[in-house]
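Descriptive structure summary
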Amino acid sequence: MNAPLASLYPAHLATLRARADQALALGGFDHLLVAASTPLGKFLDDQDYPFVVNPHFKHWLPLTDAPGSWIAYTPGSKPKLVFVQPRDYWHVVPEAPHGYWVEHFDIVTVRSAAEAAAQLPQGRSAVLAPACPAIDGVTVNNPQAVLDYLHWHRSYKTPYELALMREANRIGARAHRAAEAAFHAGRSEFGIHMMYLAAARQIDVELPYASIVGLNEHGAVLHYTHFDRTPPAEHRSFLIDAGASCAGYASDITRTHAAAGHGEFQALVASMDAAQQGYASQVRAGQSYPELHLHAHRVLAGVLREHGFIRMSAESAVESGVTSAFFPHGLGHPIGLQVHDVAGFQQSERGGSIPRPAGHPYLRMTRVLEPGMVVTIEPGLYFIDMLLAELREKPAAADIDWAKVDAFRKYGGIRIEDDVVCTEGEPENLTRDAFAQA
Ligand code: GLY
Ligand code: MN
Ligand code: MN
């Protein structure tokens, strides 16, 4: 059970203030200015792209729809929110600030982004914003030393952030259940997606990423975001990678389902699910994430052998690149304010980068896990034509049962993805907990 956000927020804000104090001291700045940012305009058009708030802004307060607004923080003073509420009868203007967080800010309401700039303190400022012409009169500098420090510490979620991520997972789990029912009812990818959105009560642009809803062979396209409007002749398998947002925090959830009568595929899904839960249980302080990724390759080799796809030893399947043909992405990534959160490779609060293990170019996390980090655990097993064609040309091809592999192409692939918190003890699996409550 979560404590109310109102009781968790003051400590969150105190943590952010302390981090900002350190970051500003490191960079030699007097103020931190964080722009919500403004929407990008479409070329030669009077329309904008959907507004996406600066993640640094929504770290401080739960406002995701405040274009043109700013947070100004000076160490030792209450943070200031310069809130833009335009005089506009064409659009819904952002609602006046309300809720558990407003008492912690000095709030000044202005009518335009230009007026907002005039409310910002003068002096040596670290200005965190996209370099965007619509931010007039303020020089954006995004100092690297400040970003490095803030990004590093953003890896350690506060209890307030974890409460929001639990809720993002609950919304996602509820919507996944609706999508699963739509699959079993024979709906199209588009129809399933609509059911997902309705159950999440979020529209596409509010989701943390474009949902992947793939039936049958489409599960083999890692980022399949096409949404066929008509149902296929037969529903065999369903891979859905879809998350939800809560006050700017993301969930990132994947499930793979087999239709009735496809027991062989269901058995493979069950093996992958057991393996996935094994990795999730190793999200513990001191665990190297890249080691966990390499471990997942060895376990996958065992699954491939057990199900009769390969005849070689697990070690040689990993060494010869066979497992990489079936599992060609990373085990997961940090998650939080962004679905692929910052600092997955960072060496220290001073920056630097920890390289990926050789031969694993898509891994997005090379750090050692520590309490407070939240990562996804998302192993996959796919039947991807392009990669299988390459594999057929390798010496290891002789030890692969190609008839068996070919028989599974019609299922596309399997991915199972949870969001898991590293704690001082047992991991907290936000996604499994959410499904248990959904
Ligand atoms: N949905 C994007 C990912 O799983 O990383
Ligand atoms: Mn993911
Ligand atoms: Mn995902």
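On a predicted model such as this, the values are computed, not experimentally measured, just so you know. (Residues numbered from 1 in each chain as written. Chains lettered and ligands numbered in written order. Predicted model: local features only at pLDDT ≥ 70, side-chain atom pairs only at ≥ 80, totals over all residues. Heavy atoms only, no water.)

Bringing the coordination of the manganese ion (ligand 3) into the picture now. Only Asp 241 (OD), Asp 241 (OD), Asp 252 (OD) and Glu 417 (OE) from the protein coordinate the manganese ion (ligand 3), and they sit 2.1 to 2.4 Å from it. Considering all 6 donor atoms around the manganese ion (ligand 3), the spread of angles at the metal, 57 to 170°, places the coordination shape in the irregular class. Read N to C, the donor residues that coordinate the manganese ion (ligand 3) are spaced as D-x10-D-x164-E. The two metals, the manganese ion (ligand 3) and the manganese ion (ligand 2), are separated by 3.3 Å and share Asp 252 as a common coordinating residue. Here Glu 417 lies in the loop between strand E15 (413-415) and strand E16 (418-421) and Asp 241 lies in strand E7 (residues 237-242), a separation of 176 residues in the sequence. (Donors = N, O, S within 2.8 Å, 3.2 Å for Na, K, Ca; no water. Tetrahedral: all angles 85-135°; square planar, octahedral: opposite > 155°, others 65-115°. Helix = DSSP H or I, 4+ residues; strand = E, 2+ residues; numbered from the N terminus.)

This part covers the coordination of the manganese ion (ligand 2). Only Asp 252 (OD), His 333 (NE2), Glu 378 (OE) and Glu 417 (OE) from the protein reach the manganese ion (ligand 2) as donors, at distances of 2.0 to 2.1 Å. The site at the manganese ion (ligand 2) holds 6 donor atoms, and with the angles between them running 52 to 158°, its shape is irregular. Mapping the donors of the manganese ion (ligand 2) onto the primary sequence yields the spacing D-x80-H-x44-E-x38-E.

Okay, the packing of helix H7 (residues 263-280) against helix H8 (residues 289-306) next. At a closest axis distance of 11 Å, the pairing of H7 and H8 adopts a crossing angle of 155°. By the angle between their directions, the pair H7 and H8 is classed as roughly antiparallel. The element H7 and its partner H8 pack so that their crossing is right-handed. Between H7 and H8, the residues in contact are Leu 268, Ser 271, Met 272, Ala 275 and Tyr 279 and Leu 292, His 295, Ala 296, Val 299, Leu 300, Val 303 and Glu 306, respectively. (Axes fitted to C-alpha atoms, helices over the stretch in contact; angles between N-to-C directions. Parallel < 35°, antiparallel > 145°, perpendicular 65-115°, else oblique. Left-handed = near helix turned anticlockwise from the far one by under 90°. Contact = heavy atoms within 4.5 Å.)

With that out of the way, let us pick up empty space enclosed by the protein. Using the criterion set out here, one finds 3 cavities of 30 Å³ or more in the structure. Together, Leu 16, Arg 19, Leu 32, Val 34, His 56, His 59, Trp 60, Leu 128, Leu 150 and Arg 154 line the largest cavity. Counting residues per element, the ones that place at least two in the lining of the largest cavity are helix H1 (5-27), strand E1 (31-35), helix H2 (55-60) and helix H4 (144-154). Broken down by element, the lining of the largest cavity gets its largest block of residues, 3 residues, from H2. Class assignment of the residues belonging to the lining of the largest cavity gives a composition of 6 nonpolar, 2 polar and 2 charged. (1 Å grid on protein atoms, 1.4 Å probe; cavity = no way out; pocket = protein on both sides within 12 Å on 5 of 7 lines; lining within 4 Å. Points joined across faces, edges and corners; volume = space filled by probe spheres on them. Nonpolar A, V, L, I, M, F, W, Y, C, P; charged D, E, K, R; others polar.)

The next point concerns the site of ligand 1. Around ligand 1, the structure places Tyr 209, Asp 241, Asp 252, His 333, His 340, Glu 378 and Glu 417. At 3.1 Å from a nitrogen atom of ligand 1 is found a side-chain nitrogen or oxygen belonging to Asp 241. One nitrogen or oxygen atom from the side chain of Asp 252 is found 3.1 Å from an oxygen atom belonging to ligand 1. A per-class count over the shell around ligand 1 returns 1 nonpolar, 2 polar and 4 charged. (Near = heavy atom within 4 Å. Polar contact = N/O pair within 3.5 Å; in protein donor to acceptor, adjacent residues only side chain to side chain.)

Right, let's talk about the UniProt feature "binding site: Mn(2+) 2" (unreviewed entry) in the protein for a bit. Per the UniProt record, "binding site: Mn(2+) 2" (unreviewed entry) is annotated on Asp 241, Asp 252 and Glu 417. The greatest C-alpha distance among the residues just named is 7.9 Å, despite their covering 177 residues of sequence, which places them together in space. Those annotated residues from the list above that line the second largest pocket are Asp 241, Asp 252 and Glu 417. Excluding anything up to four places from it in sequence, Asp 241 contacts Tyr 209, Ala 210, Ser 211, Ile 212, Asp 252, Ile 253, Thr 254, Arg 415 and Glu 417. For Asp 241, the side chain forms a polar contact with the side chain of Tyr 209, separated by 2.6 Å. Among all residues touching Asp 252, those that are not within four sequence positions of it are Tyr 209, Asp 241, Gly 243, His 333, Ile 335, Val 339, Thr 376, Glu 378, Glu 417, Asp 418 and Asp 419. Among the polar contacts listed, one links the side chain of Asp 252 to the side chain of His 333, at a separation of 3.0 Å. (UniProt positions renumbered as here; feature names shortened; annotations may be inferred.)

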